[in-house]
Amino acid sequence: PTPPPVLTECPTVDPAIAPVEHGDTITADETWPAGVHLVTFDVSVRSDATLTIEPCAIVKLRPAYGIDVQVGGTLLAEGTAELPIRFEPEIEGGTWRQIQISQGQARLGGVTIEGGGDLAADPLSAALWLRGDSGTHTPQPLVTVRDTIIKGAPKMGVRVEANATFAEDSDGLTVSGAGSNPVMAGPGSIGSLPAGDYTGNGIDEVLITAGDIEWDMVLHNRGVPYHVGRFAGDSLRVMGAAIPQLTIEPGVTLRFERDGDFEVEHYTGTAPATGALVAVGTAAAPITFTSAAAAPAAGDWVGISFGGVPDPRNRMQLVRVEYAGGP
């Protein structure tokens, strides 16, 4: 048979042609070609199955439904700037549930995800949700993104938790128009946040939930502050069996909830600390630890503490610690 022509631009969508409907569990490899598709019920990609969405596909989703990639499943949606792929609500201005990668794998390139994140289903909804295995104390790269845009999410653009991470070759993630934060990530996930643009949202801060950083990690300067904790008293800790080192890039700002703290090893005593901090700023781009309060005051948060016998790798230079010293 004659192979299909190679696309150089996306064909014009004919409104008279009904979209191809989807709403089933995918247990074998399946491809959605260029054209309009409509998700009428949750699509679940199961183990050993791959859903390939080809360039120039437009995937519309009905309210409350989404795409789930489960353990062993794979989603491939690799378009380009000239041949993009879109995920958008069926009704213009509406919402849909999300793309959820639950210990599966995905590659997203040249993709726009618009209006994802159903607040009725989850008050912490996100258009793209990565979920690892919290019982596995190692990073779990689940998704590669390249030149991917997430916009108009009712709550957050991206949610990454349970030690899920973006793959190292990820680059060019843009999140804008989110109702709150562009990203909410757990301590095991935050170091994988790709380079991109995280401005133009309801709250231009990357939210880090409380917990432990358990392996070597770099906290990158992504152009917006990090907000540590969702609740008063939340702690961010560097400690673990692998004796991790957290390296913070110049220009990073971490803003702490009231009574929150930052611990490099939680436990006191004569045992060696199981974590280290390297925070080296520059004169032009210092590193700042500060209060998240709208009107900051002395003692808003507890501060930075080093437990056990501090690791000789610890280094703080050209760092500002503001409004700390709380009881």
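What counts and what doesn't
- Residues numbered from 1 in each chain as written.
- Predicted model: local features only at pLDDT ≥ 70, side-chain atom pairs only at ≥ 80, totals over all residues.
- Heavy atoms only, no water.
- Pairing = 2+ DSSP bridges.
- Helix = DSSP H or I, 4+ residues; strand = E, 2+ residues; numbered from the N terminus.
- Axes fitted to C-alpha atoms, helices over the stretch in contact; angles between N-to-C directions.
- 1 Å grid on protein atoms, 1.4 Å probe; cavity = no way out; pocket = protein on both sides within 12 Å on 5 of 7 lines; lining within 4 Å.
- Points joined across faces, edges and corners; volume = space filled by probe spheres on them.
- Nonpolar A, V, L, I, M, F, W, Y, C, P; charged D, E, K, R; others polar.
- Buried < 20%, exposed > 50% of the residue type's maximum accessible area, 1.4 Å probe, protein only.
- Lys, Arg positive; Asp, Glu negative; His and termini not counted.
- Salt bridge = Lys/Arg side-chain N within 4 Å of Asp/Glu carboxyl O.
- Polar contact = N/O pair within 3.5 Å; in protein donor to acceptor, adjacent residues only side chain to side chain.
- Contact = heavy atoms within 4.5 Å.

Points about the sheet that holds strand β23 (residues 217-219)
If you trace the 4 strands from one edge of the open sheet to the other, you get β23-β26-β29-β32, paired in parallel fashion. The open sheet has two edge strands, β23 and β32 (315-317), and neither has a second partner. Within the sheet, the average angular offset between the axes of one strand and its neighbour, ignoring direction, is 20°. Sheet topology note: the strand β26 (residues 245-248)/strand β29 (residues 276-280) ladder contains 4 bridges and is parallel. Residue pairing in the sheet places Thr247 in a bridge with Val278 of β29.

Focus: empty space enclosed by the protein
A complete count under the given rule lists 1 cavity of 30 Å³ or more for this structure. The computed volume of the largest cavity comes to approximately 30 Å³. Surrounding the largest cavity, Glu78, Arg107, Leu108, Gly109, Thr144 and Arg146 form its lining. Counting only elements with at least two residues in the lining of the largest cavity, the list comes to β12 (105-109) and β15 (140-151). Of all the elements, β12 adds the most residues to the lining of the largest cavity, at 3 residues. Residue composition of the lining of the largest cavity, by class: 1 nonpolar, 2 polar and 3 charged.

A closer look at the side chain of Asp234
As for its position among the elements, Asp234 is in the loop between β24 (226-228) and β25 (235-238). Although Asp234 is buried, it forms no salt bridge, and the closest oppositely charged side chain is Arg230 at an N-O distance of 6.7 Å. A polar atom in the side chain of Asp234 sits 3.0 Å from the backbone nitrogen of Phe231. Asp234 has contacts with Ala210, Gly229, Gly260 and Asp261, leaving out every residue within four places of it along the chain.

Looking at the environment of Asp234
A relative accessible area of 15% places Asp234 in the buried class. In this structure, the C-alpha to C-alpha distance between Asp234 and Arg258, residues 24 residues apart in sequence, is 8.3 Å.

As for the sheet that holds strand β31 (residues 303-306)
A sheet is described by the order of its strands in space; here 4 strands give the open sequence β22-β25-β28-β31, paired in parallel fashion. Of all strands in the sheet, those bounded by a partner on one side alone are β22 (211-213) and β31. Across the sheet, the mean angle from the axis of one strand to that of its neighbour is 20°, orientation sign disregarded. Inspection of the sheet shows β25 paired to strand β28 (residues 261-264) by 4 bridges, in the parallel sense. Residue pairing in the sheet places Val238 in a bridge with Val264 of β28.

Quick word on the pattern of salt bridges
Following the criterion strictly, the structure yields 16 salt bridges and no others. The salt bridge partner of Arg131 is Glu161, with a shortest N-O separation of 3.9 Å. Here Glu161 lies in strand β16 (residues 156-161) and Arg131 lies in strand β14 (residues 126-131), a separation of 30 residues in the sequence. Its relative accessible area of 22% is what places Glu161 among the partly exposed residues. The partner of Asp300 in a salt bridge is Arg258, with the nearest N and O atoms 3.2 Å apart. Of this pair, Asp300 sits in the loop between β30 (287-291) and β31 while Arg258 sits in the loop between β27 (253-256) and β28; the two residues are 42 residues apart in sequence, bridging distant segments of the chain. Residue class for Asp300 comes out buried when judged on its relative accessible area of 3%. With a relative accessible area of 46%, Arg258 lands in the partly exposed category. The network of salt bridges with shared partners includes Lys60, Arg86, Glu88 and Glu114.

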